[in-house]
Amino acid sequence: MSIAFFSADRHYTAGKAQQQHLPKNEWRMRMKTTAVQMVMCLNVGIDPPDVVKTSPCARDECWMDPRPLHAARQVDKIPRELQKQYERWQARVMQAQYKAVLDPTADEVQRMCLQTRRYAGEDRVVFHYNGHGVPRPTSRQEIWVFNQNYTQYIPVLMKDVMSWLKTPTVYVLDCSDAGTLLESFLPKEVALLPMNPSMPSDVFTSCLTTPSGSPSDGGQVPGLPDQPAHAPGELNWIFTAITDTIAWNTCPPAPRLCLRHGGACPTDLFQKLFRQDLLLAALFRHFLLAERIMRTANCTP
């Protein structure tokens with residue numbers, strides 16, 4: 001057992017081996033998420049023309065009903081709340097820079113993307129798009145924004161967004177038919193967002209950023225997810241253990257055996273997604289939750 005466990009290169013060299021003599025593991029390269037860009041196309045009060053909503057219908061955005069906020073001209077509370085939801089999953093000393101645009105024009109999106117990449121340099125960016133107040137993506141892989149006077153929907157090619165943000169970037173696309181934007185990588189799956197009023201309108205975002213449910217419900221339980229001595233922290237540890245196990249068994253094994261783990265070694269993909277960056281790991285663990293919750297509503301994340 002001890003021979004199998006102490007089999008890493010550092011154990012044979014007392015931890016003093018020169019880096020150039022060791023096999024290169026790309027996932028170990030220092031990488032962090034330094035910027036989160038939120039493009040919120042809500043257009044509160046006006047439903048997009050290509051979606052006939054049920055009555056009653058899911059309305060909540062970031063666990064808030066945006067309609068009274070719109071009347072009071074306080075809709076910018078929604079991106080501020082989304083930022084708080086993201087911040088829960090990143091250590092305070094490593095907090096990313098957050099930028100949000102509410103119902104933007106194409107020029108505003110481009111300008112923010114370019115500024116974000118300049119700020120992030122070679123670090124990771126998260127691009128979060130909420131398209132609940134605009135039409136579905138087009139077959140040309142375009143998302144929708146607005147003109148200056150909010151009288152027209154303006155298409156923006158996703159490949160243009162990708163050229164502005166460059167890499168590395170993670171895209172969170174919370175809109176109906178998001179699979180259309182990924183046609184070059186995945187088979188197209190047409191799926192409307194759930195309209196069940198028992199779910200939030202942004203159920204995908206909610207799974208990614210508040211997997212334990214509404215903050216108002218969880219507000220009665222003291223503590224934070226990173227505090228294992230409190231109930232939210234203990235629940236988060238259990239959730240992490242379950243999702244890590246699912247991820248470990250879902251990622252294809254590396255083509256070599258590892259005595260330490262009694263079988264196949266973890267793949268570089270698993271290490272990159274679940275061990276390299278706290279925020280990235282949280283998003284991908286919560287995506288596993290989104291897969292299970294959204295499929296109950298006949299929707300594919």
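Being a predicted model, the structure only gives us computed values, none of them experimental. (Residues numbered from 1 in each chain as written. Predicted model: local features only at pLDDT ≥ 70, side-chain atom pairs only at ≥ 80, totals over all residues. Heavy atoms only, no water.)

*Asks:* How would you sum up the overall build of the protein? Please name residues and give values.
*Replies:* Within the protein, the regular secondary structure consists of 11 helices and eight strands. Counted over contacts in the protein with a minimum sequence separation of 6, partners at least 24 positions apart contribute 68%. When the accessible surface of the protein is split by element, carbon and sulfur atoms take 55% of a total near 17100 Å². (Helix = DSSP H or I, 4+ residues; strand = E, 2+ residues; numbered from the N terminus. Contact = heavy atoms within 4.5 Å. Areas by Shrake-Rupley, 256 points an atom, 1.4 Å probe, with all protein chains shown as cover.)

*Asks:* Talk me through the environment of Leu-288; I want residue IDs and the actual numbers.
*Replies:* Within the secondary structure, Leu-288 sits in helix H11 (residues 278–295). Sequence-wise, Leu-288 and Asp-244 are 44 residues apart; in three dimensions their C-alpha atoms are separated by 9.6 Å. Here Leu-288 is in contact with Thr-243, Ile-246 and Ala-247, once residues within four sequence places are set aside.

*Asks:* How would you explain the pairing of strand S5 (residues 153–157) if you had to name every residue and give the values?
*Replies:* Pairing of strand S4 (residues 142–146) with S5 involves five bridges; the strand directions are antiparallel. Note that in S5 the partner of Ile-143 across the bridge is Val-156. Here S4 folds back onto S5 in antiparallel fashion, the turn holding six residues, of which Tyr-150 has a positive phi close to 55°. (Pairing = 2+ DSSP bridges.)

*Asks:* Give a description of the pattern of salt bridges that names residues and reports values.
*Replies:* Under the criterion given, the structure shown has 10 salt bridges. Put simply, Asp-76 and Arg-80 hold a salt bridge, and the shortest N to O gap is 3.2 Å. Among the residues examined, Asp-76 registers a relative accessible area of 38% and is labelled partly exposed. The shortest N-O distance in the salt bridge between Asp-277 and Arg-124 comes to 3.0 Å. Placement of the pair is Asp-277 in the loop between helix H10 (268–274) and H11 and Arg-124 in strand S3 (residues 124–130), with a sequence separation of 153 residues. (Salt bridge = Lys/Arg side-chain N within 4 Å of Asp/Glu carboxyl O. Buried < 20%, exposed > 50% of the residue type's maximum accessible area, 1.4 Å probe, protein only.)

*Asks:* An account of the sheet that holds strand S6 (residues 169–174) is needed here, citing residue identities and associated values.
*Replies:* Read across the open sheet, the four strands follow the order S2-S1-S3-S6; overall the sheet is parallel. Strands at the two margins of the open sheet, each flanked by one partner only, are strand S2 (97–102) and S6. This sheet shows a mean twist of 10° between the axes of neighbouring strands, independent of strand direction. Pairing of strand S1 (residues 33–40) with S3, which is carried by seven bridges, proceeds in the parallel orientation. Residue pairing for S3: Ala-35 is matched across the bridge by Val-125. (Axes fitted to C-alpha atoms, helices over the stretch in contact; angles between N-to-C directions.)

*Asks:* Which residues make up the environment of Thr-267, and what are the values?
*Replies:* Residue placement: Thr-267 occurs in the loop between strand S8 (263–264) and H10. Classification of Thr-267 by relative accessible area gives buried; the value is 10%. Linking Thr-267 and Pro-252, residues 15 residues apart in sequence, is a C-alpha distance of 6.8 Å.

*Asks:* Account for empty space enclosed by the protein, with residues named and values stated.
*Replies:* In total, this model carries one cavity of 30 Å³ or more according to the counting rule given. Size it by volume and the largest cavity reaches roughly 180 Å³. Each residue belonging to the lining of the largest cavity can be placed in one class, and the counts come to 10 nonpolar, four polar and two charged. (1 Å grid on protein atoms, 1.4 Å probe; cavity = no way out; pocket = protein on both sides within 12 Å on 5 of 7 lines; lining within 4 Å. Points joined across faces, edges and corners; volume = space filled by probe spheres on them. Nonpolar A, V, L, I, M, F, W, Y, C, P; charged D, E, K, R; others polar.)

Such coordinate-based values are descriptive only and should not be taken to indicate function.
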